[in-house]
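# Architecture and fold: a report
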Amino acid sequence: MQQEALSFFSSSFLSLHRSFPTLSRIRFHQFPALSFKPNTSSSSSSSLFKSPDFTNFTSTSTTTTTETLESSIHEKLIYLDSLGIDFLTLINRHPPLLSTALSAVKSVVDYMTTPPINFTLQDFRRLVSMCPELLTSPLNSHTIPVITFLLREVGVDSIFDLRQALRRRPRLLACSVDHQLRPTLYFLQRIGILDPHKHTYLLSCSVEQKLVPRIDYFEKLGFSRRSAAAMFRRFPQLFNYSIAENYEPKLNYLMVEMGRDVREILEFPQYFSFSLENRIKPRHQACAAKGVRFPLPVMLKTNEAGFRDTLEVCCDSSPPLKTSRLVTVQKSLDL
């Protein structure tokens, strides 16, 4: 059956998608194998399997099943193509779509693109490209419970905000409420993040594999559990940054090149949100060249013109005026 399905793809659609990978690589996990093992110990059974009537029956069944499969795939291709969704590219990334009933796919599309959810087709295509599981997830037992969870338990304020949350993190639609979303919500609330509706992108993160290891990392630097958790409470986006590619190189530069105390990041965890090469290093080098040392927020949060202006004023001012200028800049950044 798999070979027949592949033959159908090759003959019917491959010419329309020259850039599509070799179709023999597609996995048909959901299709049952039409095979059997005759009981060779029974001569009567063996003769039955070899009879012309039985051979004709299995041949007819295989042909009928293949024709049904071809028709189903063809209908899905035409339907998704009418929405601007490349079916062949999608099944290469998410093979279960092959065995999903067209009626189920249509139900998901209708639910997501009509009121009250009401995504535009352009937005819906983007959701599907980033989360193809949306088309194969059961609507009533999976997708609707995810939507309900976000609105009722997470506290997403409106359908508009719901669409914004899903645009930012389409993978939320692939997550189980019971095994992923709700446990992560409870974890965030336990560490003091009381406005999870503003940070829905974190709900698809694994507590054990992503969130806890990041808090543990700062504990290993010498911070208490409470202090480390406070950093993430103050700046939840910190959970999204890589330990190896973000935390480590930026902390190394802070302590070694800048000669600063690591405890400065407790009050300003946003330090990790700035580019090391494009913001942190140039700003530090400019300050070092002038012999001044700004608090991290003053050095990094101001725009380029504001930073240069503050730098020049501080360099040309007496110590009291310099301190006054820094206090003024710091207050403006805190507003």
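Structure first, text after, so check above.
Since the model is a prediction, treat every value here as computed from it, not as a measurement.

A few words on the overall build of the protein chain. For the protein chain, the count of helices and strands is 17 helices and 0 strands. Partitioning the intrachain contacts of the protein chain with sequence separation of at least 6 by distance along the chain shows that 62% fall at a separation of at least 24. As presented, the protein chain carries roughly 18100 Å² of accessible surface, and 51% of it is formed by carbon and sulfur atoms.

So, on to the packing of helix 9 (residues 177-190) against helix 10 (residues 207-220). Between helix 9 and helix 10, whose axes approach to 11 Å, the crossing angle comes to 15°. For the element pair helix 9 / helix 10, the angle class is roughly parallel. Taken as a pair, helix 9 and helix 10 cross one another with a handedness that is right-handed. Residues Pro183, Thr184, Phe187 and Leu188 of helix 9 touch helix 10, and the partners they reach there are Val207, Leu211, Val212 and Ile215. Of the residues in the contact of helix 9 with helix 10, the class split is 7 nonpolar, 1 polar and no charged.

Moving on to the environment of Pro170. Positionally, Pro170 belongs in the loop between helix 8 (159-168) and helix 9. The class for Pro170 is buried, based on a relative accessible area of 2%. What Pro170 contacts, discounting residues up to four positions off in sequence, is Arg126, Leu127, Met130 and Cys131.

Let us look at the nonpolar core. In terms of nonpolar packing, the biggest core is built from 88 residues, with Leu166, Phe218, Phe239, Ile265, Tyr271 and Phe272 touching the most fellow members. Ignoring any residue separated from it by four or fewer positions in sequence, one finds Tyr271 in contact with Lys250, Tyr253, Leu254, Met258, Ile265, Ile280, Leu296 and Leu300.

Turning to the packing of aromatic side chains, a few remarks are in order. Scanning the model with the defined rule gives 12 aromatic pairs in all. When the centroid spacing of 5.6 Å and the interplanar angle of 40° are considered together, the rings of Tyr217 and Tyr247 count as tilted. Placement of Tyr217 in helix 10 and of Tyr247 in helix 12 (residues 243-257) is noted, with a sequence separation of 30 residues between them. The two residues Tyr217 and Tyr247 agree in class, both being buried. Each ring, one from Phe218 and one from Phe232, has its centre 5.8 Å from the other, and the planes form 70°; the classification is edge-to-face. Of the two residues, Phe218 sits in helix 10 while Phe232 sits in helix 11 (residues 225-234), which places them 14 residues apart along the sequence. Here a set of aromatic residues connected by ring pairs shows up, and it is made of Tyr217, Phe218, Phe223, Phe232, Phe239, Tyr247, Tyr271 and Phe272. A cation over a ring is seen here: Arg283 above Phe307, with NZ or CZ 4.4 Å from the ring centre.

Another aspect to go through is helix 14 (residues 276-290). The terminal C-alpha atoms of helix 14 lie 20 Å apart, and with 15 residues this matches the ideal 21 Å at 1.5 Å per residue to within 8%. Every buried residue of helix 14 is accounted for by Leu276, Ile280, Arg283, His284, Ala286 and Cys287. Its side-chain oxygen placed 3.5 Å from the backbone nitrogen of Glu277, Ser275 serves as the N-cap of helix 14. At the C-terminal side of helix 14, Gly291 shows a positive phi close to 75°.

On to unusual backbone geometry, then. Pro115 connects to Pro116 through a cis peptide bond whose omega is 10°. Along the chain, the position of Pro116 falls in the loop between helix 5 (102-113) and helix 6 (121-130). Positioned with a positive phi, Asn118 is a non-glycine residue whose angle comes to about 60°. When you line up the elements, Asn118 lands in the loop between helix 5 and helix 6. We classify Asn118 as partly exposed; its relative accessible area is 38%.

How each quantity is defined
Residues numbered from 1 in each chain as written. Predicted model: local features only at pLDDT ≥ 70, side-chain atom pairs only at ≥ 80, totals over all residues. Heavy atoms only, no water. Helix = DSSP H or I, 4+ residues; strand = E, 2+ residues; numbered from the N terminus. Contact = heavy atoms within 4.5 Å. Areas by Shrake-Rupley, 256 points an atom, 1.4 Å probe, with all protein chains shown as cover. Axes fitted to C-alpha atoms, helices over the stretch in contact; angles between N-to-C directions. Parallel < 35°, antiparallel > 145°, perpendicular 65-115°, else oblique. Left-handed = near helix turned anticlockwise from the far one by under 90°. Nonpolar A, V, L, I, M, F, W, Y, C, P; charged D, E, K, R; others polar. Buried < 20%, exposed > 50% of the residue type's maximum accessible area, 1.4 Å probe, protein only. Core = buried A, V, L, I, M, F, W, Y, C linked by side-chain atoms within 4.5 Å. Phe/Tyr/Trp six-rings, centres within 6.5 Å; stacked < 30°, edge-to-face > 60°. Lys NZ or Arg CZ within 6 Å of the ring centre and 35° of its normal. Expected span 1.5 Å × (residues − 1). Polar contact = N/O pair within 3.5 Å; in protein donor to acceptor, adjacent residues only side chain to side chain.

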